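Structural description and commentary
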Amino acid sequence: MQPRSPLPVRGYHGTSRAAAGDILREGFRPSANSYDWLGTGIYFWQDAPRRAREWAEANHSASPAVLEATIDLIDCLDLLDVGWQGAMQRAHTEFVAQRVRTREPLPRQTSGAHRLDTAMLNLFVGVLEQEGATIRSVRAPFAEGGPVFPRSALSLRGHVQIAVRDRSVILDVHAVDWSAIPHDH
């Protein structure tokens, strides 16, 4: 199954001012941590500059910065669509069976460290690529934080995240000018 090709989107990357300068000069470096939510990639908050800034402030309090990029979602493993569920569930079943055979525990999943998701997505992308698919990015929705109000299905930190695996789909990058971003209501 080859991914569809939606229109480009805006992505926001929270970081430090020093790292932002390096990125603007040298380009992005993919993250390959075992706890990344969507596997190996360069991480962006889709259409969420304030959320990227919030993350940058929490992780780089002395010098937060946010970069805006246009991302072409050509060849995106788009988990906003349900078309991937069956194949991913089958890959998970095989992954669990392989771990049982080798007596290895499954990667531990916590609220901030998605080790099982990372391992599964890296495996799944590898399988798809062996079958001839090209996967340049992965996009997924996340419900994060508590409900916006009691019994709401809307979450305080809900977001869409993109992990770019192929830098060629990042069409342009620039620093966000915060004076142009409207304040919260």
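Residues numbered from 1 in each chain as written. Predicted model: local features only at pLDDT ≥ 70, side-chain atom pairs only at ≥ 80, totals over all residues. Heavy atoms only, no water.

Quick word on the pattern of salt bridges
Side-chain pairs of opposite charge can arise whenever the charged atoms involved come near each other. Formally: Salt bridges are identified by distance alone: a Lys or Arg side-chain nitrogen within 4 Å of an Asp or Glu carboxyl oxygen. Every helix listed is a DSSP run of H or I at least four residues long, and every strand listed is a run of E at least two residues long, numbered separately from the N terminus. Between buried and exposed lies partly exposed: a residue is buried under 20% and exposed over 50% of the maximum accessible area for its type, with that area taken using a 1.4 Å probe on protein chains only.
One pass over the full model with this rule turns up 11 salt bridges. One salt bridge connects Asp166 with Arg136, and the closest N-O pair in it is separated by 2.7 Å. Of the two residues, Asp166 is situated in the loop between β6 (159–164) and β7 (170–175) and Arg136 in the loop between α4 (115–130) and β5 (137–142); the sequence distance between them amounts to 30 residues. Judged by its relative accessible area of 23%, Asp166 falls in the partly exposed class. Here Arg136 falls in the partly exposed class, since its relative accessible area comes to 24%. One salt-bridge network, held together by shared partners, links Arg51, Glu54, Glu144 and Arg157.

Let's talk about the packing of aromatic side chains
For the record, the criterion: Stacked, edge-to-face and tilted are the three classes for Phe, Tyr and Trp ring pairs, Trp counted by its six-membered ring, which pair at centre distances within 6.5 Å; planes under 30 degrees apart are stacked, over 60 edge-to-face, the rest tilted.
Under the defined criterion, the tally for this structure stands at 3 aromatic pairs. Judged by centre distance (5.4 Å) and plane angle (70°), the ring pair of Phe28 and Phe44 falls under edge-to-face. Residue Phe28 is found in the loop between α1 (17–26) and β2 (42–46), and its partner Phe44 is found in strand β2; the two are separated by 16 residues along the sequence. The same class applies to Phe28 as to Phe44, namely buried. Between Trp37 and Phe142 the ring centres are 4.7 Å apart and the planes differ by 70°, which places this aromatic pair in the edge-to-face class. One end of the pair, Trp37, is in the loop between α1 and β2; the other, Phe142, is in strand β5, and 105 residues separate them in sequence. Each member of the pair, Trp37 together with Phe142, is buried.

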